[in-house]
Amino acid sequence: MSSTHIVSIYDEELKYLSRRISEMGGTAEQMVADSVRALVTMDVALAQKVISEDVILDNAERQINDKAIVTIAKRQPMAADLREIMGTIRIAAELERVGDLGKNTAKRVIAVQSSGMPRKLARGLEHLAELALIQLKEVLDVFATRSVDKAKAIRERDDEIDAIYTSLFRELLTYMMEDPRNITPCTHLLFCAKNIERIGDHATNIAETIYYMATGSQPEGERPKDDTSTSVVAADVADASE
Amino acid sequence: MNMMSEAAVEKALDKKMNDISYKMIGKDVSVYYGDKRALYDVNLNVRENTVTALIGPSGCGKSTFLRTLNRMNDTIDGCRVTGRITLDTDDIYDQNIDVVELRARVGMVFQKPNPFPKSIYENVAYGPRIHGLAKSKADMDAIVEKSLQKAGLWNEVKDRLQEGGTGLSGGQQQRLCIARAVAVSPEVILMDEPCSALDPIATAKVEELIHELRANFTIVIVTHSMQQAARVSQRTAMFHLGNLVEENDTDKMFTNPDDQRTQDYIMGRFG
Ligand SMILES: Nc1ncnc2c1ncn2[C@@H]1O[C@H](COP(=O)(O)OP(=O)(O)OP(=O)(O)O)[C@@H](O)[C@H]1O
Ligand SMILES: [Mg+2]
């Protein structure tokens, strides 16, 4: 921000909040990366680690909220300061959700470990996770720099994730139709894919929040649409797999 | 009697709903104290039945501008006002304007409660009496009661109307001054930091009062509390070094102001 407060401790309070967000972001990123690695390598120990880390984000979110509330009460923030604090609360909630999604993926590792995973699926999931993590990482960079242009760019780039998710969705359906014994593991994997895809959405939400914090207005134009798997029907998949 | 046709009434109501109607219009208002210029070509319109807050750092000219609206500056030696200010359609600096009558139409409440050293009753009755607003004792009693009611003070003082106004607490005195201002049925009420000497409860009462007065009066308030400006006003004007730098809807002003100087000021930042 361009100027500093006359009351310098107010600056410290705002800095504390944004530092905690960056920390939460780092933890969430790590959890997502680990959960996906645990999934494709069927590493139960790593999955357990991810599950146990979720509490870090839960606590961090609570602490950020508490500090934000106290700061609002004490400083009665106006304009950009008010938007900053409200945005911080929102972003903390988004990151906490990202952690939950990582944890949920990790939990499913235990359920699918015995069935193994086709190479192709694993690659698809890894690719999906890679893109989601790039989104997350970039949005955290944008949080640090408050670049309005970059915040907008991230928001406009959710399409690719959605496309890969939809193709994974088709593939999983194909496996399920080939052999009913695949239904249980594939259903878990489907949830995992959805979890990862949702992380992209959270990154987009964060980008929009940062845009609002910086400008005081919502980004213009329609948000890229959600995944198109809602229109995939079994017949399509059957056709495609023939 | 001047009967309006139905269509005309509807049109008038429509205008009230859709158009902004300005109670006072200030055009190129400049003020000099001797050689020192305190305001620079201020163009600020005051909307009817609206609370307009004037904010800005100390010495920026808020009180000076406020005083131009009822010619209080006339009482200051060496003070000169240029530009044009109208109340409805009347140019208030016109030679033919009766200043006493103007100040009955545009009343004022000051920072420090300043009741006369007289009874509570007399404090309120004084204005209506000199303006001949009451025909009888009963009339006057009614005006006094109504004004004290409006100022939210009636219940606290109704049993001791003959006691001195200066014997009230600071918050009560300020509400007494508001009752005094209201008693002459002004069209506009100017308030210069009316709550600066009051505790939070008395402040809340005055703010509640401002909210209620808005239905019948047009209010311009100078305040150093950003939160107060945000709470009580619908429009906010920001002054800086004698210039009006921004005037906006209050909600916009305190969430996303346009001017950098406004931002720095309301957020308590260095410019
Ligand atoms: N009676 C006066 N004689 C000479 N200069 C004056 C007089 N009244 C005000 N000024 C000057 O005019 C400028 C504007 O003063 P004004 O009182 O309008 O400021 P303000 O915005 O109301 O400040 P505050 O928030 O401190 O009340 C200041 O520089 C002040 O010194
Ligand atoms: Mg003043």
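What you see is a predicted model; the values in this text were computed from it and never measured.

(A) Focus on the overall build of chain B. When helices and strands are counted, chain B shows eleven helices and ten strands. Rg of the C-alpha trace for chain B: 19 Å, near the compact-globule value of 18 Å for 271 residues, within the 12% margin. A principal-axis box enclosing the C-alpha atoms of chain B has dimensions of 55 × 50 × 40 Å. Scored against the burial criterion, the 271 residues of chain B give a buried share of 48%. Sequence separation of 24 or more characterises 66% of the internal contacts of chain B that already satisfy a separation of 6 or more. Split by element, the accessible area of chain B, about 13300 Å² in all, is 50% carbon and sulfur. Each charge sign in chain B was given a centre, from 33 positive and 37 negative side chains, and these centres are 3 Å apart.

(B) Quick look at the pairing of strand β9 (residues 235–240) of chain B. All names here are of chain B. Within β9, five of the six residues are buried, which leaves the element mostly enclosed by the surrounding structure. Sheet analysis places strand β3 (residues 51–55) next to β9, joined by four bridges and oriented parallel. The residue bridging T52 from the neighbouring strand is R235, located in β9. In this sheet, strand β10 (residues 243–249) lies alongside β9 in antiparallel orientation, the contact comprising six bridges. When the bridges of β10 are listed, T236 appears paired with N248. Between the antiparallel neighbours β9 and β10 lie two residues, among them L241 with a positive phi of about 50°.

Parameters and conventions
Here the residue index of a chain counts from 1 through its sequence in written order. Naming scheme: in the order in which they are written, chains are lettered from A and ligands are numbered from 1. Reporting of local features is limited, given that this is a predicted model, to residues whose pLDDT is at least 70; pairs of side-chain atoms are given and counted only at 80 or more, and all residues count toward the totals for whole chains, interfaces and linings. With hydrogens and water excluded, all non-hydrogen atoms of the structure serve as input to the side-chain values. The way it works is that DSSP assigns letters per residue, a run of H or I at least four long becomes a helix, a run of E at least two long becomes a strand, and they are numbered from the N terminus. Each radius of gyration is computed over the set of C-alpha atoms, and the globule rule expresses the reference value as 2.2 Å times the number of residues to the power 0.38. Between buried and exposed lies partly exposed: a residue is buried under 20% and exposed over 50% of the maximum accessible area for its type, with that area taken using a 1.4 Å probe on protein chains only. Throughout, a residue-residue contact means that at least one pair of heavy atoms, one from each residue, lies within 4.5 Å. For accessible areas, the Shrake-Rupley method is used with a probe of radius 1.4 Å. Any residue's cover is judged against the shown protein chains and nothing else. Neither His nor the chain termini are counted; the positive set is Lys and Arg, and the negative set is Asp and Glu. A charge is said to be at NZ when it belongs to Lys, at CZ for Arg, at CG for Asp and at CD for Glu. DSSP bridges decide pairing: two strands pair if at least two such bridges lie between them.

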